[in-house]
Amino acid sequence: MAITLPDLTPLENTLWLTLAGKALDYQAKHPILRDKTAYDIVRKLDYDAGQFKLSASPVVGIAHRSLVMDNIVRQFIVKNPDAVGLDLGAGLDTRVYRVDPPATVEWYDVDLPGVAKARQLLLPERPHLHTIGADLNDPRWISEVPADRPAVIVADGLIGFLSKEELATLLDRLIRHFPTGEICFNGYTRFHVWAARKYAGTQSVVPFLRSPGFDTPQDIERLEPRLKLVREILLGREPEVADYPWTTRLASFLTAWSTSISRKGTAIQHYRF
């Protein structure tokens, strides 16, 4: 039976870039994330994941950063089995299915209304999973999320779409809402802003990039002092690099000695509050 998706706005359509990256990773000789559901969605919709012409580097970056965030979520839930899981700008990501949290965890996927409808059409229902269709800049959506539990918050691929002021407001809203928690997202530096505008594979998202770029994790701490860095994870130094295609593996090896150069690749910033 054919699936008719809602008409997505140009901003909502940016979800396809990361979904395509995960589908292409699944088809790789040595996949990093192994997200079969992402691949199945692309195949079911007959979506051309190759249209972005993504090279090996962004594909492994998309997959590897999601794997690292999944592990952060798993570790938090082990320590806080009554947690709230919150995936901001979730797109068609399947994190809740990959992590498979216990029934004691309430999980919320938040994205724009069209994306939320697409999620409900394409992804299976599961207990304790909630989908919120809202603009993250609208303060009302968070009232749907319990405020009396610790929270683990993921913003995978989101930060580049928020201005400095919007990010500060969102972080303040999250910290005020939850008693305690952790948040992780992929770093977005000034170099990433420049590179996204130059690289052919990311042209579909360029009109919507609003971040000025934050070159160090401490820039985020200065923006929101209640956040304390747990760890900056430079993916080029992680063991999964052994499964990268050889050209990307070589580039990671050559740049791993320098923190500032490694940040020009993919990095995960992990904070607690």
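Residues numbered from 1 in each chain as written. Predicted model: local features only at pLDDT ≥ 70, side-chain atom pairs only at ≥ 80, totals over all residues. Heavy atoms only, no water.

Per an unreviewed UniProt entry, the recorded name for the chain is Class I SAM-dependent methyltransferase, and the organism is Nonomuraea spiralis.

Peer 1: Give me the overall build of the chain: which residues, what numbers.
Peer 2: What the chain contains, in helices and strands, is ten helices and seven strands. Computed over the C-alpha atoms, the radius of gyration of the chain is 18 Å, within 12% of the 19 Å expected from 2.2 N^0.38 for a compact globule of 273 residues. In the chain, buried positions account for 52% of the 273 residues. Considering only contacts in the chain between residues 6 or more positions apart, those separated by 24 or more positions represent 73%. Looking at the chain as shown, the accessible area adds up to about 12800 Å², and 55% of this sits on carbon and sulfur atoms. One way to put it: in the chain the 33 positive side-chain charges average out to a point 5 Å from where the 33 negative ones average out. (Helix = DSSP H or I, 4+ residues; strand = E, 2+ residues; numbered from the N terminus. Rg over C-alpha atoms; globule rule 2.2 N^0.38 Å. Buried < 20%, exposed > 50% of the residue type's maximum accessible area, 1.4 Å probe, protein only. Contact = heavy atoms within 4.5 Å. Areas by Shrake-Rupley, 256 points an atom, 1.4 Å probe, with all protein chains shown as cover. Lys, Arg positive; Asp, Glu negative; His and termini not counted. Charge placed at Lys NZ, Arg CZ, Asp CG, Glu CD.)

Peer 1: Could you give an account of the nonpolar core, naming the residues involved and the relevant values?
Peer 2: Across soluble globular proteins, nonpolar side chains have a tendency to be buried as a group. The biggest cluster of nonpolar side chains holds 55 residues, and the ones touching the most others in it are L86, L88, W141, I153, L174 and F178. Sorting elements by how many residues they give to this core places helix α1 (residues 15-26) first, with six residues. Once residues within four sequence positions are removed from consideration, L86 is found in contact with Y108, V110, W141, V145, V152, I153, V154, L174 and F178. Listed in part, the 25 residues of the second largest apolar core include L67, I72, V154 and L235. (Core = buried A, V, L, I, M, F, W, Y, C linked by side-chain atoms within 4.5 Å.)

Peer 1: Explain α1 residue by residue, including any values.
Peer 2: With twelve residues, α1 ought to run about 16 Å at 1.5 Å a step, and its terminal C-alpha atoms sit 17 Å apart, in line with that. Lining the buried residues of α1 we find α2 (36-44), α3 (56-79) and α5 (113-122). (Expected span 1.5 Å × (residues − 1).)

Peer 1: Explain the packing of aromatic side chains to me, and be specific about the residues and the numbers.
Peer 2: Applying the stated criterion across every chain yields a total of four aromatic pairs. For the ring pair W16 and Y47, a centre distance of 4.5 Å and an interplane angle of 20° mean the geometry is stacked. You can see W16 sitting in helix α1 and its partner Y47 sitting in the loop between α2 and α3, a full 31 residues away along the chain. On the accessibility criterion, W16 (8% relative accessible area) is buried. On the basis of an interplanar angle of 35° and a centroid distance of 5.8 Å, the ring pair of F191 and W194 is categorised as tilted. (Phe/Tyr/Trp six-rings, centres within 6.5 Å; stacked < 30°, edge-to-face > 60°.)

Peer 1: Hey, could you go over the pattern of salt bridges for me, with residue numbers and the actual values?
Peer 2: Tallying each qualifying case throughout the model produces 22 salt bridges. Of the charged contacts, one joins R98 and D70 as a salt bridge, the two residues approaching to 2.6 Å between their closest N and O atoms. Here D70 lies in helix α3 and R98 lies in helix α4 (residues 95-99), a separation of 28 residues in the sequence. A relative accessible area of 16% means that R98 is categorised as buried. Residues joined by salt bridges that share partners form a network here, namely K22, D35, R65, D70, D87, D93, R95, R98 and D156. (Salt bridge = Lys/Arg side-chain N within 4 Å of Asp/Glu carboxyl O.)

Peer 1: A description of unusual backbone geometry should follow, citing residues and the corresponding values.
Peer 2: Phi at R34 is positive, roughly 60°, even though this residue is not glycine. Position of R34 among the secondary structure elements: in the loop between α1 and α2. Note on R34: relative accessible area 55%, which makes it exposed. Backbone geometry places H128, a non-glycine residue, at a positive phi of 70°. Given a relative accessible area of 31%, H128 falls into the partly exposed group.

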